[in-house]
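# Coordinate inspection notes
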Amino acid sequence: PIASAQSEAPPEAIELYRSGRAHYDAGRYREAIVDLKAALALDPESPNLLYDVARVSELLGNLDEAIAYYQRYVDMLSDAENDERDRINATIQRLEGARTELATRAPQQPETLREVVYR
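Read on for a plain summary of the structure.

What counts, and where the lines are drawn
- Here the residue index of a chain counts from 1 through its sequence in written order.
- Local features are withheld for residues below a pLDDT of 70 in this predicted model, meaning they are given only at 70 or higher, and side-chain atom pairs are given and counted only at 80 or more; totals for whole chains, interfaces and linings count all residues.
- Values shown for side chains rest on all heavy atoms present in the structure; no hydrogens or waters enter the calculation.
- What counts as a helix is a DSSP run of H or I of at least four residues, what counts as a strand is a run of E of at least two, and both are numbered from the N terminus.
- Whether a residue is buried, partly exposed or exposed follows from its accessible area with a 1.4 Å probe, protein chains only, as a fraction of its type maximum: under 20%, in between, or over 50%, in that order.
- Contact definition: two residues touch when any of their heavy atoms are within 4.5 Å.
- To measure how exposed things are, a 1.4 Å probe is used in the Shrake-Rupley method; for residues, cover is taken only from the protein chains shown.
- Each pair of aromatic rings taken from Phe, Tyr and Trp, with Trp reduced to its six-membered ring, is defined by centres within 6.5 Å and is described as stacked if the planes are under 30 degrees apart, edge-to-face if over 60, and tilted in the remaining cases.
- A helix's residues, less one, multiplied by 1.5 Å, set its expected span.
- In protein, a polar contact means a hydrogen-donor-capable atom and an acceptor-capable atom, both N or O and within 3.5 Å, with residues adjacent in sequence counting only if both atoms are side-chain atoms; elsewhere, any N or O pair within 3.5 Å suffices.
- One side-chain nitrogen of Lys or Arg within 4 Å of one carboxyl oxygen of Asp or Glu is enough to make a salt bridge.
- In this text, buried Ala, Val, Leu, Ile, Met, Phe, Trp, Tyr and Cys residues form a nonpolar core when linked through side-chain atoms within 4.5 Å.

We now examine the overall build of the protein chain. When helices and strands are tallied, the protein chain shows six helices and zero strands. When the elements of the protein chain are put in sequence order from the N terminus, they spell out α-α-α-α-α-α. A buried classification covers 32% of the 119 residues belonging to the protein chain. For the protein chain, the share of sequence-separated contacts (at least 6 apart) that also reach a separation of at least 24 residues comes to 46%. Accessible surface computed for the protein chain: about 7700 Å², of which carbon and sulfur atoms make up 51%.

Before going further, it helps to examine the packing of aromatic side chains. Under the defined criterion, the tally for this structure stands at three aromatic pairs. Considering the side-chain rings of Tyr24 and Tyr29, the 5.7 Å spacing of their centres and the 50° angle between planes classify their relative orientation as tilted. Relative accessible area serves as the criterion here: at 15%, Tyr24 is assigned to the buried category. Tyr29 gets classed as partly exposed once you look at its relative accessible area, which sits at 27%. Among the aromatic residues, those joined into a ring-pair cluster are Tyr51, Tyr70 and Tyr73.

Moving on, we come to helix H3 (residues 47–59). Here H3 is 13 residues long and its end C-alpha atoms lie 18 Å apart, about the 18 Å a rise of 1.5 Å per residue gives. Of the residues flanking the end of H3, it is Gly61, one or two places downstream, whose phi is positive at about 85°.

Its location among the elements puts Glu84 in helix H5 (residues 82–104). Between the C-alpha atom of Glu84 and that of Val74, which follows or precedes it by 10 residues, the distance is 8.2 Å. Ignoring any residue separated from it by four or fewer positions in sequence, one finds Glu84 in contact with Tyr73 and Leu77.

Tracing the backbone through its elements, the reader meets Ser46 in the loop between helix H2 (29–42) and H3. Here the side chain of Ser46 touches Leu49 through a polar contact of 3.1 Å, landing on its backbone nitrogen.

So, about the pattern of salt bridges. In total, this model carries six salt bridges according to the counting rule given. Arg21 is paired through a salt bridge with Asp25; the nearest N and O atoms lie 3.0 Å apart. With Arg21 and Asp25 both in helix H1 (residues 11–25) and four residues apart, this pair spans about one turn of that helix. Through salt bridges with shared partners, a single ionic network connects Arg55, Glu58 and Arg94.

Soluble globular proteins: nonpolar side chains tend toward being buried together. If you look at the biggest cluster of nonpolar residues, it comprises 27 residues, and the most contacted ones within it are Leu36, Tyr70 and Ile88. At the level of elements, H1, H2, H3, helix H4 (63–76) and H5 are the ones that each hand at least two residues to this core. At seven residues, the largest contribution of residues to this core is made by H4. If we ignore the near neighbours within four places in the chain, the residues touching Ile88 are Tyr51, Tyr70, Tyr73 and Val74.

This is the structure we're talking about:
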């Protein structure tokens, strides 16, 4: 789940975060990512926003982007946050595996209407 915005964030970032959260909660991930990235641009040191952008990127299937944001998030974790670091590193490993799997698949040729009709 998406974490809450940090209290020291600029007001504009908080408003964009709230809008992004509303889109996320409604399943409108494309709209959510726009607002969350805008909030992150205003508050680039927010671990919560980094995580949120990574998660929504993952849900949208943007694996390279998700991995990059998750890595930035992990880099911001304190030494005491080992469980969270392990969880996110496992997520990164899973996404890297999925990315490799997708890259090695042969491109699927869509069936033409003629092939479907004449079978």
